[in-house]
Amino acid sequence: MRRIAQVVTTGVGAFSTVWSNNAWGSGWVGETAARPETTTPALSTLEFAAGEIYANAAITQRLLDDSALNIESWLSSEIADEFTRQEGIAWISGNGVNKPRGLLTYVSGGASDGVHPGGNLTVVNGGSAATVSADGLVDFAYSLPSPYRQGASWLMSSSTAATIAKLKDGDGNYLWREGYKQGEPATLLGYTVEIDEGMPLVAADALPIAFGNFSRGYLINDRLGVRTIRDPYTNKPFVNFYTTKRVGGGVLDPKAIRLLRIAA
């Protein structure tokens, strides 16, 4: 998500912007005709608060003194990896309580149901029970309005990708195209496929696939990077490494992303 979403850095506890309902009024007029006032869009505030993630690991002073390994460096790397994993989970399914609002929660009955003034994300029925169909994927992709398909990509787990990679069109051609070079993403129906293991698996009533322009549709706000306080006093004979990071996230434009639901 960090790679494909819009990422901003803030100097305060939350990132704020406005949402317009785009209710512009306009009309054609003659050269000398009157120009009455037209409608003006309504603006609503959008706020993305930064949640805080922490770890408070304890290591004995003796181990720090005697280990041939640089324990502090190893610990920093491991905690950074853990924070990355927790962020990824929150950006997909976080409930917004001291953490980001996850992409999949902006649906009817979700933790972010009705939070965005522009409404929830559009959920498209895949048209096939407990699986993904080729025709369903085509309909799903074209359900996204044309302006948002520019720069759009797919988001799914590796398991879902393995299922879709086997699908063929009516002429027996695979819909999936692997990248030509190592590290180059695969494409599906001409759009890049991004893999996120936090996305659900293909199952009845699940939302295993998202498609859209994520840089326009989802925002990540960084307040502070990883910060560590080394505390050798509070918990002798242990040295505590109190590590924190503040980050938030949520849907910026619900029109920019679609979710595919597997039929129940």
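Now for a description of the structure that goes with this document. (Residues numbered from 1 in each chain as written. Predicted model: local features only at pLDDT ≥ 70, side-chain atom pairs only at ≥ 80, totals over all residues. Heavy atoms only, no water.)

### Considerations on the overall build of the chain
Right, on to step 1. A count of helices and strands for the chain gives 6 helices and 13 strands.
Right, on to step 2. Here the C-alpha radius of gyration of the chain, 23 Å, is well above what a compact globule of 264 residues would show, namely 18 Å.
Right, on to step 3. For the chain, the C-alpha atoms occupy an extent of roughly 85 × 55 × 35 Å along the three principal directions.
Right, on to step 4. Classification of the 264 residues of the chain by burial places 39% in the buried group.
Right, on to step 5. Once local pairs closer than 6 in sequence are excluded, the contacts in the chain between residues at least 24 apart make up 73%.
Right, on to step 6. Accessible surface, the chain as shown: approximately 14500 Å² in total, 51% of it carbon and sulfur. (Helix = DSSP H or I, 4+ residues; strand = E, 2+ residues; numbered from the N terminus. Rg over C-alpha atoms; globule rule 2.2 N^0.38 Å. Buried < 20%, exposed > 50% of the residue type's maximum accessible area, 1.4 Å probe, protein only. Contact = heavy atoms within 4.5 Å. Areas by Shrake-Rupley, 256 points an atom, 1.4 Å probe, with all protein chains shown as cover.)

### Points about the environment of threonine 163
Right, on to step 1. Along the chain, threonine 163 turns up in helix α5 (residues 158-164).
Right, on to step 2. Taking the C-alpha atoms as reference, threonine 163 lies 36 Å from arginine 246; in sequence the two are 83 residues apart.

### A look at unusual backbone geometry
Right, on to step 1. A cis geometry characterises the amide bond from lysine 236 onward to proline 237, with omega recorded as 5°.
Right, on to step 2. Positionally, proline 237 belongs in the loop between β11 (218-231) and β12 (238-251).
Right, on to step 3. The backbone phi angle of leucine 189 is positive, close to 55°, even though this residue is not glycine.
Right, on to step 4. Checked against the element boundaries, leucine 189 lands in the loop between β8 (187-188) and β9 (191-195).

### Side note on the pattern of salt bridges
Where charged atoms of side chains with opposite charge meet at close range, the side chains can pair.
Right, on to step 1. In this structure the tally under the stated criterion is 7 salt bridges.
Right, on to step 2. A salt bridge links arginine 261 to aspartate 205; the shortest N-O distance between them is 3.4 Å. Residue arginine 261 is found in strand β13 (residues 257-263), and its partner aspartate 205 is found in the loop between β9 and β10 (209-212); the two are separated by 56 residues along the sequence.
Right, on to step 3. In this structure arginine 261 comes out as partly exposed when scored by relative accessible area, which is 25%.
Right, on to step 4. Connected through salt bridges with shared partners, the residues Arg2, Glu87, Asp222 and Lys245 form a single ionic network. (Salt bridge = Lys/Arg side-chain N within 4 Å of Asp/Glu carboxyl O.)

### Side note on the nonpolar core
Right, on to step 1. Grouped together as the largest cluster of nonpolar side chains are 46 residues, with contacts concentrated most on Leu103, Leu137 and Trp154.
Right, on to step 2. Judged by nonpolar contacts, the second largest core, of 9 residues, contains Leu64, Ile71, Phe83 and Val239. (Core = buried A, V, L, I, M, F, W, Y, C linked by side-chain atoms within 4.5 Å.)

### What to know about the sheet that holds strand β4 (residues 51-60)
Right, on to step 1. Strand order in the open sheet formed by 4 strands is β1-β11-β12-β4, with mixed pairing between adjacent strands. In the strand order of this sheet, the two ends are held by β1 (6-9) and β4, each with one partner. This sheet shows a mean twist of 25° between the axes of neighbouring strands, independent of strand direction.
Right, on to step 2. Where β4 and β12 come together, 10 bridges link them in antiparallel fashion. Counterpart to threonine 60 in the pairing with β12 is phenylalanine 238.
Right, on to step 3. Contacting β4, β11 and β12, helix α2 (residues 71-93) crosses the sheet at an angle of about 25° to β12. (Pairing = 2+ DSSP bridges. Axes fitted to C-alpha atoms, helices over the stretch in contact; angles between N-to-C directions.)

### Observations regarding the packing of aromatic side chains
Right, on to step 1. If you walk through the whole model with that rule in mind, you get 6 aromatic pairs.
Right, on to step 2. For the ring pair phenylalanine 15 and phenylalanine 48, a centre distance of 6.4 Å and an interplane angle of 35° mean the geometry is tilted. Linking phenylalanine 15 in strand β2 (residues 14-20) with phenylalanine 48 in strand β3 (residues 43-49), this pair joins segments that are 33 residues apart in sequence.
Right, on to step 3. We classify phenylalanine 15 as partly exposed; its relative accessible area is 22%.
Right, on to step 4. One aromatic cluster in this structure is built from Phe140, Trp154, Tyr191 and Phe211. (Phe/Tyr/Trp six-rings, centres within 6.5 Å; stacked < 30°, edge-to-face > 60°.)

### Some remarks on helix α3 (residues 134-142)
Right, on to step 1. Among the residues of α3, those classed as buried are Ala134, Gly136, Leu137, Phe140 and Ala141. The buried side chains of α3 occupy one side of the element, clustering within an arc of 160° when seen end-on. In α3, the exposed positions angled more than 90 degrees off the buried face are occupied by Asp135, Asp139 and Tyr142. (Arc of directions from axis to C-beta.)

### With respect to the side chain of threonine 243
Right, on to step 1. Inspection of the secondary structure assignment puts threonine 243 in strand β12.
Right, on to step 2. Of the polar contacts made by the side chain of threonine 243, one reaches the side chain of threonine 228; its length is 3.2 Å.
Right, on to step 3. Setting aside chain neighbours within four positions, we find threonine 243 in contact with Ile53, Tyr54, Ala55, Ile79, Phe83, Val226, Arg227 and Thr228. (Polar contact = N/O pair within 3.5 Å; in protein donor to acceptor, adjacent residues only side chain to side chain.)

### Here we look at α2
Right, on to step 1. In this model α2 runs 33 Å from its N-terminal to its C-terminal C-alpha over 23 residues, within 8% of the 33 Å that 1.5 Å per residue would give.
Right, on to step 2. Buried within α2 are the following residues: Ile71, Leu75, Ile79, Phe83, Glu87, Gly88, Ala90, Trp91 and Ile92.
Right, on to step 3. Elements in contact with the buried residues of α2: β4, α1 (61-66), β6 (153-156), β11 and β12.
Right, on to step 4. Where α2 begins, the capping side chain belongs to asparagine 70, and its oxygen is found 3.3 Å from the backbone nitrogen of glutamate 72. (Expected span 1.5 Å × (residues − 1).)

Nothing here speaks to function; it is all geometry.
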